[in-house]
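# Topology and contacts: notes
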Amino acid sequence: MMGINVSNNIVENAAIQYQDYSGEWNTCELLGRSSMFEVLNTMKSVQSRFNGKRVRCVEHDTGRLVDIL
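Summarised in this report is the structure supplied together with it. This is a predicted model, so every value here is computed, not measured.

Cut-off values and rules
Residues numbered from 1 in each chain as written. Predicted model: local features only at pLDDT ≥ 70, side-chain atom pairs only at ≥ 80, totals over all residues. Heavy atoms only, no water. Salt bridge = Lys/Arg side-chain N within 4 Å of Asp/Glu carboxyl O. Buried < 20%, exposed > 50% of the residue type's maximum accessible area, 1.4 Å probe, protein only. Core = buried A, V, L, I, M, F, W, Y, C linked by side-chain atoms within 4.5 Å. Helix = DSSP H or I, 4+ residues; strand = E, 2+ residues; numbered from the N terminus. Contact = heavy atoms within 4.5 Å. Polar contact = N/O pair within 3.5 Å; in protein donor to acceptor, adjacent residues only side chain to side chain.

Evaluation of the coordinates by the stated rule reveals three salt bridges. Across the pair glutamate 59 and arginine 64 runs a salt bridge whose closest N-O atoms are separated by 2.8 Å. What makes glutamate 59 buried here is its relative accessible area of 7%.

Structure follows, in structure tokens:
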């Protein structure tokens, strides 16, 4: 099964992206099978690396939004 498995909070093929000054979303991390806890920690880490820029997690295969900071 692709995407989010709500029963156990697992995300498959997550792409962590940050938004640059032009509004473009840039992928900086690709995660395999990850828990929502791991996704959120990675998103926070990316946000700190890119000076508080907006960060989101999308399904790499479909582009569906999983979470955003």
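A few words now on the nonpolar core. Core analysis: the biggest nonpolar cluster contains 11 residues, these being Val11, Ala14, Ile16, Tyr18, Leu31, Val39, Met43, Val46, Val55, Cys57 and Val66. Those elements giving two or more residues to this core turn out to be strand E3 (14-19), helix H1 (36-49) and strand E6 (55-59). Those residues within four positions of valine 46 in sequence are excluded, and the remaining contacts are Ile16, Tyr18, Cys28, Glu29 and Val55.

With that out of the way, let us pick up the environment of glutamine 47. Looking at the element boundaries, glutamine 47 is found in helix H1. Remark: the alpha-carbon pair of glutamine 47 and tyrosine 18, spanning 29 residues in sequence, is separated by 7.4 Å. A distance of 3.2 Å separates a polar side-chain atom of glutamine 47 from the backbone oxygen of lysine 53.

These figures come from the coordinates and say nothing about function on their own.
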